[in-house]
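# Coordinate analysis (summary)
Each chain, letter by letter, is given below.
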Amino acid sequence: MLLLEALGSALLGLALAGVAVRVLAQRLPSPRVVLVSGVLGALFGAYLTQFALGPGHNTLPATFVGATLVSAVVLSLLLRPGSGPRRSSHRAPFSLPSQS
């Protein structure tokens, strides 16, 4: 059962990373980094879900959901800012207006 969870989680992470590479290629680092990060994030998510559920609660769907969520969070950390039009800020954030 543990092998099935690990293999399934790795495949889910690989699929999620593959979709991210296809859709957000301009905002991500190299595809190899993204694919490895997706798989490792999913494996860590499966481990974390198993640890959180504890013994006796080995549910495969819950493990896959946890793996997918953690993999998505890891992949979101790899995103770079977009190159679209930006608003120019006239003053620094959290600053008081000057008396000019």
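Use the structure listed above.
Please read all numbers here as calculations on a predicted model, not as lab measurements. (Residues numbered from 1 in each chain as written. Predicted model: local features only at pLDDT ≥ 70, side-chain atom pairs only at ≥ 80, totals over all residues. Heavy atoms only, no water.)

Across its full length, the protein carries 3 helices and 0 strands. Reading the secondary structure of the protein in the N-to-C direction produces α-α-α. Within the span of the protein, comprising 100 residues, buried residues form 24% of the whole. Of the contacts formed within the protein by residues at least 6 apart in sequence, a portion of 72% connects residues at least 24 apart. Carbon and sulfur atoms make up 71% of the accessible area of the protein, which totals about 7400 Å². (Helix = DSSP H or I, 4+ residues; strand = E, 2+ residues; numbered from the N terminus. Buried < 20%, exposed > 50% of the residue type's maximum accessible area, 1.4 Å probe, protein only. Contact = heavy atoms within 4.5 Å. Areas by Shrake-Rupley, 256 points an atom, 1.4 Å probe, with all protein chains shown as cover.)

Among the secondary structure elements, Ser 71 is positioned in helix 3 (residues 60-76). Along the sequence, Ser 71 and Gly 38 sit 33 residues apart, while their C-alpha atoms lie 5.3 Å from each other. The contact partners of Ser 71, leaving out residues within four places of it in the chain, are Gly 13, Leu 16, Gly 38, Gly 41 and Ala 42. A distance of 3.0 Å separates the side chain of Ser 71 from the backbone oxygen of Gly 38, its partner in a polar contact. (Polar contact = N/O pair within 3.5 Å; in protein donor to acceptor, adjacent residues only side chain to side chain.)

Overall, the coordinates contain 1 aromatic pair when judged by the stated rule. Pairing Tyr 47 with Phe 51 gives two aromatic rings, centres 6.4 Å apart and planes at 25°, and the pair type is stacked. A residue pair is termed a helical-turn pair when its members lie 3 or 4 positions apart in one helix, as Tyr 47 and Phe 51 do in helix 2 (residues 31-53) at 4 residues. For the pair formed by Tyr 47 and Phe 51, the shared burial category is exposed. (Phe/Tyr/Trp six-rings, centres within 6.5 Å; stacked < 30°, edge-to-face > 60°.)

Listed in full, the 5 residues of the largest apolar core are Ala 17, Ala 20, Leu 28, Val 34 and Leu 75. When residues no more than four places from it in sequence are discounted, the contact partners of Val 34 are Ala 17, Val 21, Leu 28, Pro 29, Leu 75 and Leu 78. (Core = buried A, V, L, I, M, F, W, Y, C linked by side-chain atoms within 4.5 Å.)

Take the packing of helix 1 (residues 2-23) against helix 2 next. Two numbers describe how helix 1 lies on helix 2: the axes approach to 8 Å, and their chain directions differ by 140°. Regarding the angle of helix 1 to helix 2, the classification is oblique. Judged by the twist between their axes, the crossing of helix 1 over helix 2 is right-handed. Contact with helix 1, carried on its side by Glu 5, Ala 6, Ser 9, Ala 10, Gly 13, Leu 14, Ala 17, Gly 18 and Val 21, involves Pro 31, Val 34, Leu 35, Gly 38, Val 39, Ala 42, Leu 43, Ala 46 and Gln 50 of helix 2 and no other residues of that element. The class makeup of the residues in the contact of helix 1 with helix 2 is 12 nonpolar, 5 polar and 1 charged. (Axes fitted to C-alpha atoms, helices over the stretch in contact; angles between N-to-C directions. Parallel < 35°, antiparallel > 145°, perpendicular 65-115°, else oblique. Left-handed = near helix turned anticlockwise from the far one by under 90°. Nonpolar A, V, L, I, M, F, W, Y, C, P; charged D, E, K, R; others polar.)

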